[in-house]
Structure formats: C-alpha cells, structure tokens
Amino acid sequence: MSATYYSYSRDNIKNFSIRVELRKVTVAAIVSGTTWRPATTGSGGEQAENEVWTFKWQEKVFSQHEEELYADLRNCSTVLKQKYHRDILALRNAGGRPNRRLFCYVDTDSPPHTTEEYHPMTDWSSGPETFASRYGPSVRRRRGHRRGVVSRVSLAQDPVLHRPSEDHRISARLNSVSTQVMHLMADLSRMDSQDAGDEHQLCEVKVDDNGMLTISPDFNRDKPPYRIENRHREIFEYRLFHASESISAEEEAKEAELLSELYTRHTQSLAHNVGTCFAEPPEDEALRVLVFGEIVSAEGFEDDDLYVSTRLELPEFWQCKEEPLDIVTQISRTKSLHLHNIAHFNCPMEYELSYNNPILKTDELPKWPWVLIQVASLDYWERHRVEGYGFLNLPNAPGKYEFTVHTWRPCGSVRDKMARYFVGGVAEIADISYITKPQDFEGTHLSKYGFRTQSSGSVTLTFNIVHQSSLIVQLQQSDDVTSSTKVYRHKGFKTSVLATLDAYQNAKRSATLAMGTLT
C-alpha cells in the first residue's frame, strides 16, 4: 500500500472531492498486457464490472446491503436511520441507485469493519443472565475517532504495544483534536449472486479542526493502480484522483483580498494590545544596554545579619540614564541550608546604559562596565564589619546569566583579628575602586604585591541583558551586508560590541566609497 497523503488547506472541506475508478482485472487484460484505461460505466459484460464515481465530502452513497437494510422501516430506530429510509425511497422512485459497487461510510455512520467485537463480561457460561450481559451487546460503539483515537485492541489481544507505530505515538502523546472521517468502500461480491457484503475499504479520508487533511492511501498520479482481491480470489484494480473544482481567478483574487484585510485587522489588533510603551532603538547612540539584575543571596560568611552594597563603574564613552549607581540591600539573617549559612536578598538592580564612540580603532577593544561588590554585617551593638569584597564584569552579550562572585577581605595581624572579634574594628579599603583599578591611578602597570587577603564567602547575582542599536536595524534592512553583519542577521546581538562598531566602520567606509564614486 502506498504512503499516506498529508496536506494543510485553508479552503472549506465541503469543496473537497475525490474520484475513484474501479475495474475488474480479466484474463484477457493480463495476457494482452493492456495498460490502465479509465473505467466507463456500461450496462453489461466487462463494462458492468467497471465503475467511476466522484465522492464529495460527507455525501452519503448507499451500498446494496444498506439499501435493503434501510428500505424496511422496522430497521430504522434512530433519526439518522429514518433519514436514510427516506433517501432510499427517493432513490427507488427516481429509478434506483446510480452506483453499483462503489459506496461510502460518512462520519455519522458506524462502519462494520471498525465495529468492536463483542466479548462476554465473565467466563461463567452457565451463570444467570444479568442486565449488563443482556443489553450490553446492543449498546452502540462509541466513536473514538472524534476524540482522535480509534480503539482497535480486543480483550483477547495483548494490551501492550511492544513496537508502537508512528501514528500511535502521535495520537497517544499529542493533544487530540476533533476529527471527521470518511471511508470509501467497494462491494466486490459477484454481480450475479445474492451473496452481498464482500466489502473492502479503498480509501480513508480524515480532516481535523486545524485543517490537516489525511488521505490513506495517497492519490495515484503517475503510480500504478492499487489492487485488491475478493473472497472469490478475483482481482480488482482502482485509482484515486483529486477531483475538487479549481477556484476561478476572480474568486481567488477576492479571497486574497479578504485574507489581506483579515491579516491587516489582526496586525492592528496586536499593535493596539501591545501599545507604544516599548522604546525604539536609539538613533544617535551606537548601543543601548538594558541591565535587569538581582542580588539573590550570600553564603559562607562568618557573621550574621548581612547586607550587600554595589557600585556600577562606567568606563570612558559610557553613560547611565538614571542615578544613583550605588545600591544597598536590606539586612538579612542567615539560614542554615545544606550545612551552609545563606542570607537571601532578592534585591533588584536596573540600569539603562548607552555607549557612543563614533571613532574607534579596529584593533581597540571597548571596555565594559563592571560591578563592585561589598558585603558587610551588623551586630547587636550596631557595629559594622566588612565581610568581603568582589567585582564582576557585565556580560558583553545579551541573554540571561547567573554568576557566583567569590569575595575576599584584607588580612591583618593578630591584633587586628582580636579587635575585629571584640571591638568590631576591622581593616577596610579606603577606596572601594581599589578592588579593580584605583581611580587616581594613571600608570600603565598596576602592582598589588604585598597586599595580603583571605578568602571569604560568595554572592550570587543574576542578570537579564538586552541590546538595542539602530545601526543593526539599518544593516538588516540593507541588501549589501558584510560577514560581520550576517552574524547579527542570524544570531541577533550575541556578539561583543567590537563587532557592532566594526560593522559600523564597514558601513561608513562603504558609504564614503559610494560618495566618491558619484563625485
């Protein structure tokens, strides 16, 4: 059997049609080696075994067995069967069924080949008859395909699927959607015999609420016809063709106009819901950096009642929109967790930074801001002790980050340690900028040889960083891009600011060459 056909369509499923051509393979056709010819409907001989029928979506086509069944009103106990009874009478008054072998089961039917077999509820064959055992077999099978899953496992089979198929994995692990199904059938019983009911499924068509159309097997197109065999070992061949009417050019233009209007209204609705609160990329700045950070916790320090103070240091060409740059957390008591004393702060820190340096050498690396960290404690006598110092360079790429900064503190003599414990006095750094580079340092080499320190606890910080630049927007809209701008097109801003300024210099150089060519 051929593979299954999958297609997604925005068109109304009521417009779908499929044509089935069925013919009986005779000995003369096999000996002569004749190729497939479209079957034509005739009144006798070989033409009586051939049939062509175009099925429309959910259009009921009755079989010989259904005609005899629904012709008797006593067999029509439901509203649907009574409707079928009226349709059969109307067909007989119009001259009978136009079809002979080909018919279909629609979504509201219960095809016999998918009906579950009846199994006794107990193995007690001589037991008394109960209400459930009496009326259970007559209960109509629930249509599982409406929930997306059709049960085909009987009680006598192994309920465990040792080698589940791909269709079973999809139906068992994904959320099921409402599905409509249509079975295209053929009655392959002999025409001169009263033994009807040799039904075979030719094709199964499904469509779900998402517009996914599934046809099994696929259309023939240029492939050979499918073959089936009846109970008398007679061979039949059939082909499947897509027979839906094509839309006219006028209707297609009208549909495109309606879809365009629908998308425009949807875009306007989204813009109205989002609003205009989002900041546009800067026009006169090379780069805007938005920093959303948090001082999460501190652990491993000697004393209790800790608090953290931070300072953001800005190198040359960097500016901060809002002041101050210093942040002090609340005082937090430590809590023992996994043999460690942890103090939680969850103190937010936000900065809006801008970098603007139009003239930059290609081999020069821009300096990024860094955060100076100081951890201190407050005892019962309101004495402050410095517990540790540390620093952290801000990441030069956008994204989400989490850092653990290990701190240190100056190490004094034995007298300094005793004073720290009894009096509270402790050696401190006169200028907190000495953690990295003192502000008054003007040399080329900084030596801290002889400065004694000892390890202290650690501080955990998280950052969410966003980059904005109008230059990148212009480069993405341009057709002539360099290798450095392609990085932004595919990976966004996950590069350093050096690549941003390199792209700016390349664009400026190209513009200068273009102006020189014009002059």
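Residues numbered from 1 in each chain as written. Predicted model: local features only at pLDDT ≥ 70, side-chain atom pairs only at ≥ 80, totals over all residues. Heavy atoms only, no water.

Draft legend 1. Region of interest: the nonpolar core. By size, the foremost hydrophobic cluster in this structure holds 34 residues, and its most contacted members are Phe 16, Ile 18, Phe 55, Leu 184 and Leu 240. When sequence neighbours within four positions are dropped, the list of residues in contact with Phe 55 reads Phe 16, Ser 17, Ile 18, Val 20, Val 61, Leu 102, Phe 103, Cys 104, Met 182 and Leu 184. Ranked by size, the runner-up nonpolar core spans 31 residues in total, among them Phe 345, Tyr 351, Val 371 and Val 375. (Core = buried A, V, L, I, M, F, W, Y, C linked by side-chain atoms within 4.5 Å. Buried < 20%, exposed > 50% of the residue type's maximum accessible area, 1.4 Å probe, protein only. Contact = heavy atoms within 4.5 Å.)

Draft legend 2. Representation of the side chain of Glu 237 within the structure. Looking at where Glu 237 falls in the secondary structure, it is placed in strand 9 (residues 235–242). Here the side chain of Glu 237 touches Arg 227 through a polar contact of 2.7 Å, side chain to side chain. (Helix = DSSP H or I, 4+ residues; strand = E, 2+ residues; numbered from the N terminus. Polar contact = N/O pair within 3.5 Å; in protein donor to acceptor, adjacent residues only side chain to side chain.)

Draft legend 3. Geometry of the sheet that holds strand 1 (residues 5–8). Here we have five strands laid out as an open sheet, ordered 1-7-6-5-4, and antiparallel in their pairing. Bordering the open sheet on either side are strand 1 and strand 4 (102–105), each of which pairs with just one other strand. Shown here is a sheet whose adjacent strand axes are inclined to one another by a mean of 20°, direction ignored. Examined bridge by bridge, strand 6 (residues 199–208) and strand 7 (residues 212–216) share four bridges and lie antiparallel to one another. Its bridge partner lying in strand 7, Val 207 is registered against Leu 213. (Pairing = 2+ DSSP bridges. Axes fitted to C-alpha atoms, helices over the stretch in contact; angles between N-to-C directions.)

Draft legend 4. Local environment of a nonpolar patch on the surface. Taken together, the side chains of Val 414, Met 418, Tyr 421, Phe 422 and Val 423 define a hydrophobic patch exposed on the protein surface, amounting to about 620 Å² of accessible area. Given the relative accessible area of 63%, Tyr 421 is considered exposed. (Patch = residues over 30% accessible without salt bridge, like charges linked within 9 Å, V, L, I, M, F, W, Y side chains within 5 Å. Areas by Shrake-Rupley, 256 points an atom, 1.4 Å probe, with all protein chains shown as cover. Salt bridge = Lys/Arg side-chain N within 4 Å of Asp/Glu carboxyl O.)

Draft legend 5. Layout of unusual backbone geometry. In this chain, Ser 216 is followed by Pro 217 through a cis amide linkage whose omega measures 0°. Of note, the phi angle at Asp 305 is positive, near 55°, even though the residue is not glycine. Phi at Asn 346 is positive, roughly 50°, even though this residue is not glycine. Summarising the element assignment, Asn 346 is placed in strand 15 (residues 340–355). Exposure remark for Asn 346: the relative accessible area of 44% places this residue in the partly exposed category.

Draft legend 6. Region of the structure containing the sheet that holds strand 8 (residues 226–229). Here four strands make up an open sheet; going across it, the order is 3-2-9-8 and the pairing antiparallel. If you trace the sheet from one side to the other, it starts and ends with strand 3 (51–56) and strand 8, each paired once. In this sheet, neighbouring strand axes are inclined to one another by 25° on average, regardless of whether the strands run parallel or antiparallel. As defined by bridge partners, strand 2 (residues 17–24) adjoins strand 3 across six bridges and the pair is classed as antiparallel. Residue pairing in the sheet places Val 20 in a bridge with Trp 53 of strand 3.

Draft legend 7. Representation of helix 2 (residues 64–71) within the structure. Of all the positions in helix 2, only Glu 66, Glu 67 and Tyr 70 are classed as buried. Along the long axis of helix 2, the arc covered by the buried residues comes to 105°, so they all point the same way. Buried residues along helix 2 sit against helix 3 (79–93) and strand 4. (Arc of directions from axis to C-beta.)

Draft legend 8. Fine view of the packing of helix 2 against helix 3. Contact pair helix 2 / helix 3: the axes reach a minimum separation of 9 Å and the direction vectors enclose 110°. One way to sum up the angle between helix 2 and helix 3 is to call them roughly perpendicular. Of helix 3, the residues touching helix 2 (which contributes Glu 67, Tyr 70 and Ala 71) are Lys 81, Tyr 84, His 85, Ile 88 and Arg 92. When grouped by side-chain class, the residues that make up the contact of helix 2 with helix 3 number four nonpolar, one polar and three charged. (Parallel < 35°, antiparallel > 145°, perpendicular 65-115°, else oblique. Nonpolar A, V, L, I, M, F, W, Y, C, P; charged D, E, K, R; others polar.)

Draft legend 9. Region of the structure containing the pairing of strand 10 (residues 287–299). Counting buried residues along strand 10, 10 of its 13 residues qualify, which places the element largely inside the surrounding structure. Sheet topology places strand 10 next to strand 15; 12 bridges connect them, and they run antiparallel. Each bridged residue has a counterpart across the sheet, and for Leu 287 the counterpart in strand 15 is Tyr 355. Pairing geometry for strand 10 and strand 19 (residues 453–468), over 11 bridges, is antiparallel. Bridge pairing in strand 19 places Ala 298 opposite Val 459.

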